[in-house]
Each structure stands twice: as structure tokens, then as C-alpha cells.
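# Coordinates in review
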Amino acid sequence: MKIRTKLSLRYTGVTAAIFVLSMLFVYLFSEHTRSDTFFRDLKKEAITKAHLFINNKADAQTMQSIYLNNRNFIDEVEVAIYMPPFKMIYHDAYQIDIVKEDRRMIEEITKEKEIEFYIDHYQAIGMLHTINGNNYIITAAAYDGYGYSNLRSLRDILIAISFTALTILIIVGYIMARSALIPVTAIVKDVEKITASEIYKRLTVVNKDDELGELSIAFNRLLDRLEKAFKSQKMFVSNVSHELRTPMAALVAELELVSLKKRTPQRYEDAVNNALLDAGRIIKLIEGLLDMAKADYAPEQIKMADVRIDELLLDAREMVMKANPEYNIELTFEMEAEDDSVITVFGNSYLLTTAFVNMIDNNCKFSANKASYISISFWQEMSILRFSDNGTGMTESDKNNIFTPFYRGVNKNFAHGHGIGMTLTKKIISLHKGSLDINSYPGEGTTFVVKLPHI
């Protein structure tokens, strides 16, 4: 069932229920008013007849004759008069006797002074009334033909109004629901036009202050993020393909040379060494890509624990020195830590070690003396690490783009790389709620300043 149909049914149902309850209230209120009015009229008629009889203004035969004659044409009131304890002194038509008084009823009227009740469709009253100093018990009953006739007319009118109004409500409800959902239909049509090849398209925002406008704006923002992600993915695939193509092409070329005949043992040895070098570059690139994928995990998907920064730095130093024995790496404490907590952070040891390795390797690769100087300090809630070198330094352009995947600076020919190390490092530091700043000038070296919240 479509929303417009649901809205139409709900709107009509709720409105119809309120309308029908209102009509029912009008009918019941009218019935209550009719009943109260007729009971008052019965009381007046009964008292009038009682006075006529008791004061001898009309004899019993005349009053009974009038009652019987009028009864054939109008809804005449039947009156009976008793004297306590149970003596009937007058009755309009005891052969008919609508009320059928008995001793128990007379006693109840004497006790209650006045009672009202129904006998089938007849309304009846009983009351204790004083005339000329004497107490009389008077009963009266009649059928409210005029009142019931008006009530039936009112009922028919209310039913006709209800059916007419409900029909109008259904039509109006459907039209209103349809008109209210026209913008939704337009949004659906716009969304259907957006494809992977045309993700640049956006929804039209008619009124940014209503709910549909807010929905369109939120959807457009989602499309902005998706478009950015698609572009990044395309660029990533393109860069990875480019980075892998060069070492793979070199590896294939070396192997083709090896396959040629009449090669000297030295040539074979050189070709194998070159192939191993290219394979190593491919492995390093793949490892970097895998680490980048891990750094993109949500924080709750990464195993975290309390780790000491100095121990991670020693591990990173050992890893770099093992791969590059010619590197020189110095680790110093700028101030003495009285409490281990100032050099302990909550994080993932593998990722943090990877980030430290990348910065150390970057220092060593781009400095003539192949050295990295690491200092550890702390301030308030932060552990502060500085990775420095005396190398080639960076231009402003390089500093602005160093965290862009696969970006290689102006000094890219100084050392081999793939342009993913610093991107990965930035992601890891951010994942640990830290910051990474770069101080560097061409020819003056580079310093990476890392701040991580300690426990």
C-alpha cells in the first residue's frame, strides 16, 4: 500500500471517527434534552389535572371522557391520584392503566417524594404533592410522540450529513495526500536518474526549511561524500596500477634477459639481484596498501590496549635498522618521566609501530647522513614525539600534499618510495586521537611532531 493511500485512509479514518462521535454526541444530547423536557411536562400536566379534580373544577367523568377522546388523536397524559397509604381517588383510565401502580410503588413514591421511570416507550413519573394541606400521590404517563418524531428527523439528518461528509472527506483526504506527496514523487524521479556514471547529479531542493527539503539536502550531502569516495577510489586504483606497473615491468624485463642464451654468470647474478629488488619493492607496496586498509577500520574494530611509547619506538628502531644497517637512529628523553603513564597511550601497537617506522625511514632516506633523531617528552595530557633529520627538507607545496596518497615531492629522485607512508602515518595518528605536524624548510631538514594523549 502506498503512503498516499495510507495517509488518505488514516486522515479519513481519524476525521470520520471524530465526526461520527460528534454526531452521536449531538443525538444523545438531544435525546437527553427531550427526555428531561418531557418529564417536566408530565409533572406539570399531572399537577394541573390533580388540582382540577381535587378543587372540584371538573368531575371525574368529564376528565375521563376528555382523556379517552383525546387519546385517539394526541399523546394524552394518563393521570392517577392516590391518598396514602394506598387509596385510589381518581384514574383517567384504570381499564388501560399504563403505570399499574401497586403498594410497593406508592411506598417508594412516598419515601422518595418524586421518581421518574420508563415503561416500554412510555415515560412516567410518580410524586408526592400537597393540595389544600393534604398529601396526594400522583402518577402520570404518556408517550412523547412529538419529541420522538423530532428525534427521528434529527437522526435521519445526522446520518445523511455523516455519509455526505465522509464521502467528501475521503475525496479531500486523497487529494491532500496526493498533493502533499508530489515533492516525494519528484524526489524519487530525481534519485532514479542518479547512476554511478552520473553521480554528479543532485536533488532539487524546493524548500530547505521543510522536512522534504532537509531530506534532499541530507541526500545531496551523502552524494557529495559518495562522489568524493568514488573519485578517491578511481585515483587510488589508477595510482596503484601505476606504482605496480613499473616494478613489474622491470621484473619481467630482467627475467626476459635471464632467458636469453650466452649470458655470463655475472650477468645472471645481476639479473637475479635486480629481480629480487623489484619483487621487494612490490612486496613493500602491497604491505603499505594493506596497512592503509587496516588504518581505515572503525576504531571499535581495532584491538586497543595500554602500550608504552618508548617500547614501540625501540621496536620500530630495531625493524628499521634490521632492514637498513647503514641507518643511524638516536632515541633520547627530553625530560625524566616520574610516572610511566605519561609515556603510555591507549592504542594498537602494530599500527603505532608502523607509523613510527614510516617517520624514521622518511628521516633517514632524505638525509645525507641517513640519520633520524627521536626525542620523547610530555606536556599535560599529551605525549610528544619529535622525529628530526638534517636532510633535504620540503617545500610548502610538498608539506601541503605530503598526506595525499601516492604523492611524491620535488625530491622524489633522492630516494625510492611509493607515496603512501605518510598518508598511512597520518591516518594512524588520527585514529589514536592524536595530531601530526611538520616543520620543514628546503635544505634545513624535517621534523615530524606527534602528539598522542597518554593515559
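All of these numbers come straight from a predicted model, not from anything done at the bench. (Residues numbered from 1 in each chain as written. Predicted model: local features only at pLDDT ≥ 70, side-chain atom pairs only at ≥ 80, totals over all residues. Heavy atoms only, no water.)

## Let's talk about the overall build of the protein chain
This is how the line gets drawn: Helix and strand labels come from DSSP, where a helix needs a run of H or I of at least four residues and a strand needs a run of E of at least two; each type is numbered from the N terminus. Here the term buried applies to any residue with accessible area under 20% of the maximum for its type, exposed to any over 50%, and partly exposed to those in between, with areas from a 1.4 Å probe on protein chains only. What makes two residues a contact is simply this: any of their non-hydrogen atoms within 4.5 Å. The protein chains shown are the only cover counted for residues, whose accessible areas, like all others here, come from Shrake-Rupley with a 1.4 Å probe.
Helix and strand content of the protein chain: 11 helices and 12 strands. Split into buried and exposed, the 455 residues of the protein chain put 37% on the buried side. Within the protein chain, counting contacts between residues at least 6 apart in sequence, those at least 24 apart form 65% of the total. When the accessible area of the protein chain is evaluated, it comes to approximately 27600 Å², of which 58% is carbon and sulfur surface.

## Some words on the pairing of strand β1 (residues 78–83)
The condition that has to hold: Strand pairing follows a simple DSSP-based rule, namely that at least 2 bridges must link the two strands.
Burial runs high along β1: 5 of the 6 residues are buried. Inspection of the sheet shows β1 paired to strand β5 (residues 134–142) by 5 bridges, in the antiparallel sense. Across the sheet, residue Y82 finds its bridge partner in β5, namely I137. As paired strands, β1 and strand β2 (residues 87–91) are joined by 4 bridges and run antiparallel to one another. Residue pairing in the sheet places I81 in a bridge with Y90 of β2.

## A word on the pattern of salt bridges
What counts, and what does not: A pairing counts as a salt bridge when a side-chain nitrogen of Lys or Arg comes within 4 Å of a carboxyl oxygen of Asp or Glu.
Per the stated rule, a full pass over the model turns up 14 salt bridges. Its salt-bridge partner being E114, residue K43 comes within 3.2 Å of it at the nearest N-O pair. With K43 in helix α1 (residues 3–54) and E114 in strand β3 (residues 114–119), this residue pair connects regions lying 71 residues apart in the sequence. What makes E114 partly exposed here is its relative accessible area of 34%. With a closest N to O distance of 3.7 Å, R308 and E311 form a salt bridge.

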